[in-house]
Amino acid sequence: MGNINEITDNPALAGDGVAGGEGREESEGDEGFATRQLHAGYDAPRHLDSSSVPIYATAGYDLHNAARGSRAANGLEPGAHLYSRVGNPTPEVLEGRLASLDGGIAAVAFSSGMAAISSTILNLADHGGRIVSTRDLYGGTFDFINNLLPALGVGVDYVDTVDDEQQLEAAIGPDTRLVFLESVSNPTTRITDLDLVARVAHRHGVAVVVDNTLPTPYLFRPIEHGADIVVYSTTKAINGHGNAVGGAVVDAGKLDYGPDNHVDDEERSTQGSVKPRYPQFNSFVHNISDEAHGQRRSFVDAYGRKAFIQRLRLKYLRLLGAEPGPFESYLTLQGLETLDVRLDRAVSNTLTVARFLDAHPHVTRVDYAGLPNSPDHALAERDYPRGVGTVLAFTLEGGVEQANAFIDATQVFTYLTNIGDSKSLIVDPARTTHREFNADQQRAIGVEPTTIRLSIGLEDSRDLIADLERGFQAAYGQA
Ligand SMILES: *Cc1c(COP(=O)(O)O)cnc(C)c1O
């Protein structure tokens, strides 16, 4: 039992009395990315010296005695684990590792990228907020923002070009809580000047939320460019093997909660004019307070600059219940160990494929910001020195028949709606991943009926080119 106590009582492992992955604070020093992707967030002696992160297959945790149980349930027992829907040591290692790789102060892992994205947006926008968003989004994210969010009472203001200062400035209003964008868009790999977006949003005290799924923290670290919150589908390149669905949210710890640290509910009603941008972080919350001792706390009172991430865990992870499983978290951690070597190889393959397609007579357009003729190439050179990622889109001459013949003829590429796998994947976004968009919306983000998306893996590049030749052959006959 003694050793088990050490595990469950470990404050560094579990955060501020409420289980939570720690980033920078746990991996101090200047270790490089490759070292941190293998070690950050994990301390073997606290896990019976296991070299591989253990899979904690447990729903609950021994609370030991009534007094400790009561403190733990109130979030007052440092490091205590209560129940795996709120925190489990396996996903907590993943949280610590991702927070470290992104340069955040803490992270929360979810069971999917969509859970991470929807929970983040709601955590910032609930209690009467609106959001500003681009339309150039992953299909599921667009469906959530465009169709579900308004039905839940959160307004959406779209911008066509989020890094156009005037457009963004005009879209931000008094109720705007966040600006949402993808660092590299899916499938056309458009890139945003995040430094500019952050400068404009922060002038108004508005959070910037970036979906960094495509580049991963190896190719791009949004926090270094002003992002407040970074969201991931870990299903993609972070896992890299296509064997587990997952998501994560990393908090930079720089959110502007407003000047008013603690406005009590009653005070607010008498003050009338006081309206902090994020009332949900500044008002009294029963289950983090100790009312028996006259202590009434808000998330900002209780957790300071971790208010966002703790509320995300205590309200959204705990109450909507999209917690990551320990098995999936283990697979994700294993994939993450080789992120940099996988991406270096896959980015090099992607450039080879992009150049081949760009020179092909039956291709009308290649969308890949890594190509010198891309309109985003200058920005890519500035902000993505290691490459923009392993996804690209290209558009074929002809109609849907050509696209279908092309896809059906490939043998090395798997026809599959995922990205970031070590195996190369092919898909027709208009009829699969971007079905949530109508034809006009698809065209606006560069998706035509004959657009094909590739996610490039680790195969020999000449075999990938030969496979694409097979596709052209089937679609157009002898070239
Ligand atoms: C896949 C994906 C998501 C959704 O993630 P899931 O893990 O499938 O829920 C969100 N954003 C981007 C950019 C994605 O590629």
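Every chain begins its residue count from 1, and numbering advances along the sequence as written. Two thresholds apply to this predicted model, a pLDDT of at least 70 for residue-level local features and 80 or more for giving and counting side-chain atom pairs, whereas whole-chain, interface and lining totals are computed over all residues. Only hydrogens and water are set aside; all other atoms, that is, all heavy atoms of the structure, feed into the side-chain values.

The name given to the protein chain in an unreviewed UniProt entry is homocysteine desulfhydrase, with the source organism recorded as Bifidobacterium thermophilum RBL67. UniProt positions are given in the numbering used here, feature names are shortened, and annotations may be inferred rather than shown by experiment. Per UniProt, the protein chain has the following entry under Cofactor (unreviewed entry): "pyridoxal 5'-phosphate". Recorded in UniProt under Sequence similarities (unreviewed entry), the annotation for the protein chain is "Belongs to the trans-sulfuration enzymes family."

So, on to the pattern of salt bridges. One speaks of a salt bridge when a side-chain nitrogen belonging to Lys or Arg is within 4 Å of a carboxyl oxygen belonging to Asp or Glu. This model, assessed by the stated rule, comprises 20 salt bridges. Two residues, Arg 382 and Asp 195, come together in a salt bridge whose shortest N-O distance is 3.4 Å. Of the two residues, Arg 382 sits in helix 17 (residues 377-383) while Asp 195 sits in helix 9 (residues 194-203), which places them 187 residues apart along the sequence. Taking relative accessible area as the criterion, Arg 382 reaches 47% and is therefore assigned partly exposed. Residue Asp 195 is classed as partly exposed on the basis of its relative accessible area, which comes to 26%. By the criteria applied, helices consist of DSSP H or I runs no shorter than four residues and strands consist of E runs no shorter than two, each listed in order from the N terminus. A 1.4 Å probe rolled over the protein chains alone gives each residue an accessible area, and that area as a share of the maximum for its type sets the label: buried under 20%, exposed over 50%, partly exposed in between.

Let us look at the sheet that holds strand 11 (residues 414-415). Two strands qualify as a pair provided DSSP detects at least 2 bridges between them. In spatial order, the strands read 9-10-13-12-11; together these 5 strands make up an open sheet with mixed pairing. With one partner strand each, in any of the chains shown, strand 9 (363-367) and strand 11 form the two edges of the open sheet. Note: strand 10 (residues 391-396) against strand 13 (residues 451-455), 5 bridges, orientation antiparallel. Looking at strand 13, one finds that Thr 395 is bridged to Thr 451. Against the sheet, helix 16 (residues 339-358) engages strand 9, strand 10 and strand 13, with an angle of about 15° to strand 10. Throughout, a contact is declared for two residues whenever any of their heavy atoms are within 4.5 Å. Think of each axis as a best-fit line through the C-alpha atoms, taken over the contacting stretch in the case of a helix, with angles from 0 to 180 degrees between the N-to-C directions.

A word on empty space enclosed by the protein. Over the atoms rolls a probe the size of a water molecule, and its path tells where empty space is left. Method remark: on a 1 Å grid restricted to protein atoms, a set of points is classed as a cavity if a 1.4 Å probe fits but cannot get out and as a pocket if it is open with protein on both sides within 12 Å along at least five of seven lines; lining residues have an atom within 4 Å of a point. Grid points are joined across faces, edges and corners, and a volume is the space filled by probe spheres set on the points. Overall, the coordinates contain 5 cavities of 30 Å³ or more when judged by the stated rule. In this structure, the largest cavity spans a volume of roughly 60 Å³. Lining the largest cavity we find Ala 237, Gly 240, Arg 342, Leu 343, Ala 346, Thr 390, Gly 420, Asp 421, Ser 422, Ile 456, Gly 457 and Leu 458. When grouped by side-chain class, the residues that make up the lining of the largest cavity number 5 nonpolar, 5 polar and 2 charged. Under the scheme applied, nonpolar residues are Ala, Val, Leu, Ile, Met, Phe, Trp, Tyr, Cys and Pro; charged residues are Asp, Glu, Lys and Arg; polar residues are all the others, including Gly.

Right, let's get into the UniProt feature "modified residue: N6-(pyridoxal phosphate)lysine" (unreviewed entry) in the protein chain. Here, UniProt's "modified residue: N6-(pyridoxal phosphate)lysine" (unreviewed entry) annotation points to Lys 236. Here Lys 236 is to be found in the loop between strand 7 (229-233) and strand 8 (247-251). Taking relative accessible area as the criterion, Lys 236 reaches 11% and is therefore assigned buried. Beyond its immediate sequence surroundings of up to four residues, Lys 236 is in contact with Tyr 138, Thr 213, Asn 418, Ile 419 and Gly 420.

A few words now on the confidence of the model for the protein chain. pLDDT measures the predictor's confidence residue by residue and takes values from 0 up to 100. On average, residues of the protein chain carry a pLDDT of 89, and 90% of them reach 70 or more. Scored below 50 in pLDDT, residues 1-27 makes 84 contacts in the model with residues more than four places away or belonging to other chains. Taken together, the stretch residues 261-273 has pLDDT below 50 and engages in 24 contacts with residues farther than four places along the chain or on a different chain.

Another point: the site of the ligand. Here a residue is considered near a molecule or strand provided that any single heavy atom belonging to it is located within 4 Å of it. What surrounds the ligand is a group of 15 residues, the closest being Met 114, Asp 211, Ser 233, Thr 235 and Lys 236. The term polar contact refers here to a pair of N or O atoms within 3.5 Å; inside protein, the definition further demands a hydrogen-donor-capable atom paired with an acceptor-capable atom, and it admits residues adjacent in sequence only when both atoms are side-chain atoms. Contact distances for the ligand include 2.7 Å between a nitrogen atom and a side-chain N or O atom of Asp 211. In these tables, accessible area is a Shrake-Rupley quantity obtained with a 1.4 Å probe, and a residue counts as shielded only by the protein chains included in the view. Within the complex, the protein chains bury 92% of what would otherwise be the 380 Å² of accessible surface of the ligand. Among the elements that make up the shell around the ligand, the one with the highest residue count is helix 6 (residues 113-125) (3 residues). Classifying every residue of the shell around the ligand by side-chain character gives 6 nonpolar, 7 polar and 2 charged.

A word on the packing of aromatic side chains. Any Phe, Tyr or Trp ring, taking Trp's six-membered ring, that has another such ring centre within 6.5 Å forms a pair; planes under 30 degrees apart are called stacked, those over 60 apart edge-to-face, and the others tilted. Enumeration according to the criterion identifies 12 aromatic pairs in this entry. Judged by centre distance (5.2 Å) and plane angle (70°), the rings of Tyr 257 and Phe 281 are edge-to-face. Residue Tyr 257 is located in the loop between strand 8 and helix 11 (265-271), and its partner Phe 281 is located in helix 12 (residues 279-282); the two are separated by 24 residues in the primary sequence. Look at Tyr 257 and you get buried, because its relative accessible area is 7%. Charges are assigned to positions over rings by a cutoff of 6 Å between ring centre and Lys NZ or Arg CZ, combined with an angular limit of 35 degrees from the ring normal. Taking NZ or CZ as reference, Lys 236 lies 4.9 Å from the ring centre of Tyr 138, over its face. Over the face of the ring belonging to Phe 284 we find Arg 296, whose NZ or CZ atom lies 3.7 Å from the ring centre.

Tracing the sequence through the fold places Thr 161 in the loop between strand 4 (155-158) and helix 8 (165-171). For the pair Thr 161 and Asp 136, spaced 25 residues apart in the sequence, the C-alpha separation amounts to 9.4 Å.

Moving on, we come to the pairing of strand 3 (residues 130-133). In the case of a regular strand, side chains alternate between the two sheet surfaces. In the sheet, strand 3 pairs with strand 4 via 4 bridges, with the strands oriented parallel. Its bridge partner being in strand 4, Ser 133 is matched across the sheet by Tyr 158.

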